[in-house]
Amino acid sequence: QVQLVESGGGLVQAGGSLRLSCAASGRTYVMGWFRQAPGKEREFVTTFTSSSGSTYYADSVKGRFTISRDNAKNTVYLQMNTLKPEDTAVYYCAAGNKVSVRDYDYDYWGQGTQVTVSS
């Protein structure tokens, strides 16, 4: 069983930055971030594969968001720059054994952290 604990959400003005953290209690192969805006389905944001360091991003965040991992702390980070109001959502950390953009391919989920970007 893997537990994921997220932190770092908050309120920021458009154009600003935030960094989210996701601390994992156990070994993880693929970690990802998803988000869900009010009234919308949860959507893929990015993934990080521990063995290769490979990353993959949704087109909507490419060039603005960066996922990284600190192996010593077993923590994944999501650095979000040039934030837009449409980035407003609850952000969820997820872990699994398969690189995927589909949320149902992930076995473990964090509790979510709110990110609000004001215009």
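Below is a short write-up of the structure. All values derive from a computational prediction rather than experimental measurement.

### Observations concerning the state of the cysteines
Thinking step 1. Summed over all chains, the structure comprises one disulfide.
Thinking step 2. Put simply, Cys22 and Cys93 are joined by a disulfide, and their sulfur atoms are 2.0 Å apart. Torsion about the S-S bond of the Cys22 and Cys93 cystine: about -80°, corresponding to left-handed handedness. With Cys22 in strand β3 (residues 18-24) and Cys93 in strand β9 (residues 89-96), this pair connects stretches of sequence that are 71 residues apart. Just as Cys22 is buried, Cys93 falls in that class too.

### So, unusual backbone geometry
Thinking step 1. Positive phi is not limited to glycine here, since Asn74 has a value of about 50°.
Thinking step 2. With respect to the element layout, Asn74 can be found in the loop between β7 (65-70) and β8 (75-80).
Thinking step 3. Look at Asn74 and you get buried, because its relative accessible area is 16%.
Thinking step 4. The backbone of Thr82 shows a phi angle near 45°, a positive value even though the residue is not glycine.
Thinking step 5. Of note, Thr82 is situated in the loop between β8 and β9.

Conventions and cut-offs
- Residues numbered from 1 in each chain as written.
- Predicted model: local features only at pLDDT ≥ 70, side-chain atom pairs only at ≥ 80, totals over all residues.
- Heavy atoms only, no water.
- Disulfide = S-S within 2.5 Å.
- Helix = DSSP H or I, 4+ residues; strand = E, 2+ residues; numbered from the N terminus.
- Buried < 20%, exposed > 50% of the residue type's maximum accessible area, 1.4 Å probe, protein only.

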